[in-house]
Amino acid sequence: MTGKDEAELSRLLRAAIAGDERAYADFLHRTAALVRGFVRRKIVQGGVDPEDVVQETLLAIHVKRHTWREDAPVLPWVYAIARFKLIDAFRRRGRRIEVEIDEIAETFAEPEAETVSERDINRALDGLPPSQRSVVSAISVDGSSIGETAAKLGISETAVRVSLHRGLAAIAKRFGRQ
């Protein structure tokens, strides 16, 4: 930005304060381009949209234009407002960094199937009485239904449910889970 540009922006803002709408629109258009470049250079990581900061800066300039001293240069005033709006945006974002999931999707590990060895299953079933062991084994290991298990063992479905519940509770208690 040259001294000529500074003088032109000052002239436009003076005219705008005096009521010239066309001068104000031209001032805002030129100022938006300057602020946009300034903000884009300052934002190195995502999480803050430069256009939001530009709009907030232009709004603040509009609301506070009466605070500009006509004998002072306009650019330091504009850049100070832009800097404070940028700081506000960073504060709102906080310390988190936003990353698109597509950028890191290939770094995620594939979910592994949970496997239990036969030894672990036998160890869990060993502490159960034979009736509970056969019910838990049939339903939880073999995948039989309550009805199938009741028919296979020759007991009622209610008895199967009770044995299953008691057996699973005993296994949970044995391995430290309540």
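In this numbering scheme, every chain counts its residues from 1 along its sequence in written order. This being a predicted model, a pLDDT of at least 70 is required before a residue's local features are given, and a value of 80 or more before pairs of side-chain atoms are given or counted; all residues contribute to the totals for chains, interfaces and linings. As a rule here, side-chain values come from all non-hydrogen atoms in the structure, and water together with hydrogens is ignored.

(A) Representation of the environment of valine 74 within the structure. Numbering of helices and strands runs from the N terminus, with a helix taken as a DSSP run of H or I at least four residues long and a strand as a DSSP run of E at least two residues long. Its place among the elements puts valine 74 in helix α4 (residues 74-93). Along the chain, valine 74 and alanine 7 lie 67 residues apart, while their C-alpha atoms are 8.4 Å from each other. Here, two residues are considered to be in contact whenever any of their heavy atoms come within 4.5 Å of each other. Not counting chain neighbours up to four residues away, the residues in contact with valine 74 comprise Glu6, Leu9, Ser10, Leu13, Phe27 and Trp68.

(B) Quick look at the nonpolar core. Residues Phe27, Val39, Val74, Trp77 and Val78 are the most contacted members of the largest nonpolar core, which totals 28 residues. Those elements that provide at least two residues to this core are α1 (3-17), α2 (21-42), α3 (50-64) and α4. Setting aside anything within four residues of it in sequence, one finds tryptophan 77 in contact with Leu13, Ile61, Lys64, Arg65, Thr67 and Trp68. Grouped together as the second largest cluster of nonpolar side chains are 10 residues, Ala124, Leu125, Leu128 and Val136 included. Only buried residues count toward a nonpolar core. Its members are Ala, Val, Leu, Ile, Met, Phe, Trp, Tyr and Cys residues joined through side-chain atoms within 4.5 Å. Exposure classes here rest on a 1.4 Å probe applied to the protein chains alone. A residue is buried below 20% of its type maximum, exposed above 50%, and partly exposed in between.

(C) Just α2, in detail. Take the number of residues in a helix, subtract one, and multiply by 1.5 Å to get its expected span. Taking 1.5 Å per residue as the helical rise, α2 with its 22 residues ought to reach 32 Å, and the 31 Å between its terminal C-alpha atoms agrees with that figure. Of the positions making up α2, those classed as buried are Ala23, Tyr24, Phe27, Thr31, Ala32, Leu34, Val35, Phe38 and Val39. The elements touched by buried residues of α2 are α1, α3 and α4. Capping the start of α2 is the job of one residue whose side-chain oxygen sits 3.1 Å from the backbone nitrogen of arginine 22: aspartate 20. The term polar contact refers here to a pair of N or O atoms within 3.5 Å; inside protein, the definition further demands a hydrogen-donor-capable atom paired with an acceptor-capable atom, and it admits residues adjacent in sequence only when both atoms are side-chain atoms.

(D) Broad picture of the packing of aromatic side chains. Stacked, edge-to-face and tilted are the three classes for Phe, Tyr and Trp ring pairs, Trp counted by its six-membered ring, which pair at centre distances within 6.5 Å; planes under 30 degrees apart are stacked, over 60 edge-to-face, the rest tilted. For the structure shown, the criterion picks out one aromatic pair. A ring pair is formed by phenylalanine 38 and tyrosine 79, whose centres lie 5.3 Å apart and whose planes are at 45°; its orientation type is tilted. One end of the pair, phenylalanine 38, is in helix α2; the other, tyrosine 79, is in helix α4, with 41 residues separating them in the sequence. The exposure class of phenylalanine 38 is buried, given its relative accessible area of 12%.

(E) Here's a closer look at the packing of α3 against α4. Packing of α3 against α4 leaves a shortest axis separation of 9 Å and a crossing angle of 130°. With respect to their mutual orientation, α3 and α4 come out oblique. In the packing of α3 onto α4, the handedness of the crossing is right-handed. Contacts from Val53, Glu56, Thr57, Ala60, Ile61 and Lys64 in α3 reach Trp77, Val78, Ile81, Ala82, Lys85, Leu86, Ala89 and Arg92 in α4. Helix axes are fitted to C-alpha atoms over the stretch in contact, other axes to C-alpha atoms as well, and angles between N-to-C directions run from 0 to 180 degrees. Geometric relationships in this document are graded by angle, where less than 35 degrees denotes roughly parallel, more than 145 denotes roughly antiparallel, 65 to 115 denotes roughly perpendicular, and other angles denote oblique. Note on convention: near helix rotated counterclockwise from far helix by under a right angle means a left-handed crossing. Clockwise means right-handed.

(F) Molecular detail of the pattern of salt bridges. By definition here, a salt bridge exists when the distance from a side-chain nitrogen of Lys or Arg to a carboxyl oxygen of Asp or Glu is within 4 Å. Applying the stated criterion to the full structure yields 10 salt bridges. Note that arginine 14 is salt-bridged to glutamate 70, the shortest N-O span being 3.9 Å. Taken together, the positions of arginine 14 in helix α1 and glutamate 70 in the loop between α3 and α4 put the pair 56 residues apart, joining distant regions of the chain. Glutamate 70 sits in the partly exposed class, given a relative accessible area of 42%. Across the pair arginine 91 and aspartate 88 runs a salt bridge, and its minimum N-O distance is 4.0 Å. Residue arginine 91 and its partner aspartate 88 are located together in helix α4, separated by three residues, close to a single helical turn. Several salt bridges converge on common partners, so that one network encompasses Glu8, Arg11, Asp26 and Arg30.

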